[in-house]
Structures are given as C-alpha cells and as structure tokens.
Amino acid sequence: MTDPLIRIADALDRLAPPLPVPADPAVGDAFVFDGGILRAVAPPPAQPLARFAGVDAQRDALLANTRRHAAGAAAHDVLLWGARGMGKSSLVRAVHAAVIAEATGPALALIQVAREDLTGLPGLFRVLGQTARRFIVYADDVSFEADERQYKALRSILDGGIEARPDNVRLAVTSNRRHLVAREHADTEAASAINARDVLDDRLALADRFGLSLGFHNCDQITYLAIVAGYAAAHDLAFTDAEALEWAVGRGHRSGRVAWQFVIELAGRANRAIAM
C-alpha cells in the first residue's frame, strides 16, 4: 500500500504549477522581467520615427545614443522625463524598433522591468553580462515615494556599485518627474534630518546620474495639430482643426496621446479598424 505521505506529496505536485523557465536572452528581441523571471514577448508595437512631431531633438538624441550602444560604442543611461502623453514610452519602443531594423548582427534587445522589480536587476545583469549581445533595460513611469528599496537599487546601479550593470547593458527610464523622487517626500525627509540640504540634494540628484536626460513638455496648439495631422494622414482619415481642438478641450490638455485618441475616434466614426 502506498505511503499516505507519498500520496499527499504526489497530489501537491499535481496541484502546484511548474516553475517558469526563464527565457534565453540570446533569443528574441523583446523581453519582460517580471517577478525575477525573464520572459520573451512579441516585439511591442511602434510608431515610425518620422511620425513623432514636436520632439525632434529628443528623438534624434535618443536614436543616436541607442545606435552607439547597439554598435558597441560608449553610450549613456537615459532618463526621459516630463509631461504625460508626450511620447516618452512610445519613443523608446520606436527607437528600439528602428535600431533592430538596421541591425546586421545580433540585434539590440529591449527588456522592460516594473518599478517593483528594480531590486532584482543585479541578478538579471549577471545573466545579461554573459550574453553576447547588447541590451536596453527599460523602466516605464518610474517615481519614488516612501519606498526606499527601489530607489536605493536604482541609485546603486547608476553609481557603479559592486553589482552594477555590465557594459553591454544600458538603462532607459521614463518618468513624469524630472528628479524621479517626489519633491514633497524629499522635503519631509529633509525636515527631520540633521543636515537638511544634504538630504534634499541626495534625493533630488538621482536624475543627475543619467548621462542623457531628455525633457518632454506640454505641446502648443500648432504642435498638437501637427501630431493629429501625422496620425490622420498615416491612416487616411480626414479631420478639421476645429474638431481636433474641441477634442483636446474636452480632455483638458493637448498631448500626443490625446491626438492619438482623437484619431481613434475618427476611425471609429468612419466604421474603420485601426491598429492600436
């Protein structure tokens, strides 16, 4: 007769899902680092670079830096900060797509990591450092409040700590905050410190550790209409400036995201599908 403990162990084995197998970073162009596990994903959708309006300088700087990194030359870690909806995340994806389209050898890989997984980056870097290709590790919409673990993990990586990122890896971080740390949080911590100025400088200087910092600002009316026109022309949709401006007024601001949402509305009115 089978031992009851063995039967229980067998039942638990059947109920427990198998441990996920990490993806091979040498295979594929896009990955997600989630819960300490690297997963291969389909390349994210990307707009053509020519379709970005109002951020020409930011686009060109990020493209040049990414090309250098992909070619094995010196390149910066990049912080893209500023107004919401102005294309920070979209530009990272679009530049990556453009660079891998140009590749003649092992393509540059993009790895997205959530803010809560920043503390696991040293383990990921040990794997990537042994892989013969170049990587961009991308953290989207990053900011820090009272949680110190992720802040200290990112600072250690950028400062060149013992387990800093290897030479074949660069960081691209997007944030609505220029300094990544909430100013009110830094002020609160400084108020209780012996040397408040040192604390404030330390908290607000994290952004200074990025070699390339690209600011994105709210667009004016002309730029907003140019963005709408670019999207509409790409999808053969007609619109009037008055319609586009009325849409922006209803959302309370003008941005690339609002322009894209207006074009989706135009496509819907025309009973047409549009790739998201």
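The coordinates are above.
Bear in mind the structure is a predicted one, so any value in this text is a computation, not a measurement.

Conventions adopted
- Residues numbered from 1 in each chain as written.
- Predicted model: local features only at pLDDT ≥ 70, side-chain atom pairs only at ≥ 80, totals over all residues.
- Heavy atoms only, no water.
- Buried < 20%, exposed > 50% of the residue type's maximum accessible area, 1.4 Å probe, protein only.
- Helix = DSSP H or I, 4+ residues; strand = E, 2+ residues; numbered from the N terminus.
- Pairing = 2+ DSSP bridges.
- Right-handed = clockwise from strand over helix to strand, strands pointing away.
- Lys, Arg positive; Asp, Glu negative; His and termini not counted.
- Salt bridge = Lys/Arg side-chain N within 4 Å of Asp/Glu carboxyl O.
- Polar contact = N/O pair within 3.5 Å; in protein donor to acceptor, adjacent residues only side chain to side chain.
- Contact = heavy atoms within 4.5 Å.
- Core = buried A, V, L, I, M, F, W, Y, C linked by side-chain atoms within 4.5 Å.

A.B. asks: So, the pairing of strand β5 (residues 135-139): which residues are in play, and what are the values?
C.D. replies: Of all 5 residues in β5, 5 are buried; the element is thus mostly enclosed. Of the two faces of β5, the one lined by F135, V137 and A139 and the one lined by I136 and Y138 are each fully buried. Two strands pair when backbone bridges link them, and strand β4 (residues 109-113) and β5 are joined in this way by 4 bridges, in the parallel orientation. Along β5, the bridge assignment pairs L110 with I136. For the crossover that starts at β4, traverses helix α4 (residues 121-128) and ends in the parallel β5, the hand is right-handed.

A.B. asks: Describe the pairing of strand β3 (residues 78-82), and please don't skip the residues or the numbers.
C.D. replies: Taken across its 5 residues, β3 has 5 buried, putting it largely inside the fold. Bridge count for β3 against strand β7 (residues 212-216) is 5 bridges, and the pairing is parallel. The partner of L79 across the bridge, within β7, is S213.

A.B. asks: Outline the side chain of R170, listing residues and values.
C.D. replies: Tracing the backbone shows R170 in strand β6 (residues 169-175). For the buried residue R170, which engages in no salt bridge, the nearest side chain bearing the opposite charge is D77, 4.6 Å off. Of the polar contacts made by the side chain of R170, one reaches the backbone oxygen of D167; its length is 3.3 Å. Residue contacts for R170: discarding those within four places in its chain leaves H69, A75, H76, D77, F135, I136, V137 and R165.

A.B. asks: For the nonpolar core, give the residues involved together with the corresponding values.
C.D. replies: By size, the foremost hydrophobic cluster in this structure holds 41 residues, and its most contacted members are L62 and Y224. Looking at this core, the elements that each hand over two or more residues are α2 (56-70), β3, α3 (88-102), β5, β7, α8 (221-234), α9 (241-251) and α10 (256-269). Sorting elements by how many residues they give to this core places α10 first, with 7 residues. Excluding its chain neighbours within four sequence positions, the residues that come into contact with Y224 are C219, A244, L245, W247, A248, R254, S255, V258, A259 and F262. In this structure, F144, Y151, A207 and F210 belong to the second largest nonpolar core, which totals 31 residues.

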